[in-house]
Amino acid sequence: MADRPDGYGFTAEVRGKLSSKYDSGREREALQWIEAVLGERVFGGVQGSDAVHQKLKDGVILCKLINKIKPGSVKKINDSKMAFKMMENIGNFLDACMAIGIQKLDTFQTVDLYENQNMTQVIDGIHALGRKAPSVGYRGPGLGPKEATANKREFTEQQRRAGDGIIGLQAGYNKGASQAGQNFGKTRAIID
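This one's a predicted model, so the numbers in the text were calculated from it and none came from an experiment.

Draft legend 1. A look at the pattern of salt bridges. Applying the stated rule across the entire model yields seven salt bridges. Salt-bridge contacts for arginine 161 lead to aspartate 164; the nearest nitrogen and oxygen are separated by 3.9 Å. Of the two residues examined, arginine 161 and aspartate 164, each falls in the exposed class. One network of salt bridges, in which partners are shared, links Glu157, Arg160, Arg161 and Asp164.

Draft legend 2. Here's a closer look at the packing of helix H2 (residues 24-38) against helix H7 (residues 119-132). Closest axis-to-axis distance for the H2/H7 pair is 10 Å, and the angle between their directions is 50 degrees. Here H7 runs oblique to H2, going by the angle between their axes. For the pair H2 and H7, the crossing hand works out as left-handed. The segment H2 lies against H7, with Arg26, Glu27, Glu29, Ala30, Trp33 and Ile34 engaging Ile123, Asp124, Ile126, His127, Leu129 and Gly130. Its residues assigned to classes, the contact of H2 with H7 shows six nonpolar, two polar and four charged.

Draft legend 3. Structural context of the environment of lysine 104. Here lysine 104 lies in the loop between helix H5 (83-99) and helix H6 (110-114). When the C-alpha atoms of lysine 104 and glycine 125 are compared, they prove to be 9.4 Å apart, with 21 residues separating the residues in sequence.

Draft legend 4. Molecular detail of the state of the cysteines. The tally for this structure, following the rule as stated, stands at zero disulfides. Left without a disulfide partner, cysteine 63 is nearest to the cysteine sulfur of cysteine 97, which lies 9.5 Å away. A relative accessible area of 0% places cysteine 63 in the buried class.

Draft legend 5. The arrangement of the nonpolar core in detail. With 39 residues, the main nonpolar core has Trp33, Leu56, Phe93, Ile126 and Leu129 as its most contacted residues. Those elements that provide at least two residues to this core are H2, helix H3 (49-56), helix H4 (60-69), H5, H6 and H7. Those residues within four positions of tryptophan 33 in sequence are excluded, and the remaining contacts are Leu65, Ile69, Ile126, Leu129, Gly130, Pro141, Gly142 and Leu143.

Here is what the cut-offs are and how they apply
- Residues numbered from 1 in each chain as written.
- Predicted model: local features only at pLDDT ≥ 70, side-chain atom pairs only at ≥ 80, totals over all residues.
- Heavy atoms only, no water.
- Salt bridge = Lys/Arg side-chain N within 4 Å of Asp/Glu carboxyl O.
- Buried < 20%, exposed > 50% of the residue type's maximum accessible area, 1.4 Å probe, protein only.
- Axes fitted to C-alpha atoms, helices over the stretch in contact; angles between N-to-C directions.
- Helix = DSSP H or I, 4+ residues; strand = E, 2+ residues; numbered from the N terminus.
- Parallel < 35°, antiparallel > 145°, perpendicular 65-115°, else oblique.
- Left-handed = near helix turned anticlockwise from the far one by under 90°.
- Contact = heavy atoms within 4.5 Å.
- Nonpolar A, V, L, I, M, F, W, Y, C, P; charged D, E, K, R; others polar.
- Disulfide = S-S within 2.5 Å.
- Core = buried A, V, L, I, M, F, W, Y, C linked by side-chain atoms within 4.5 Å.

Written as structure tokens, this is what we have:
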């Protein structure tokens, strides 16, 4: 197979758009949060999507992170440097994230991290985990705003019937006003 550049044409365009969305501020917040949760310095001043990719690629840090948040989420963490074992770690992390209630669209795909295809989505997935952590009983450091919870309300039958006689403004009721007497422009006439 011929040697080709990393991307050209449409592939280069997509890669350029993805890299332009990468936010180093969100990256820094995520990495600091991971270190605070794990209680150890694992990144050592690493910056940039390529450097973060190298640190997270094997999935070990992510598996340790989810096990700190919810113990026992990942049963076995593979220390092997074989590709399928590293991808298995990432897959186990993603499965554990979905098991605690993180939506699939808030996570990333294994290849996004392993092949450094979409590090923006990886960082967003870590932020989603940080938002969800307090709702599964984790009491450590937080990341980002608190996730919204349902505000279920119960109304009595009398309260529900109280609004039956009211026509809301969305229904088109204009409180008796009409357009009678309004003329805009020239009126329509048979003979002109």
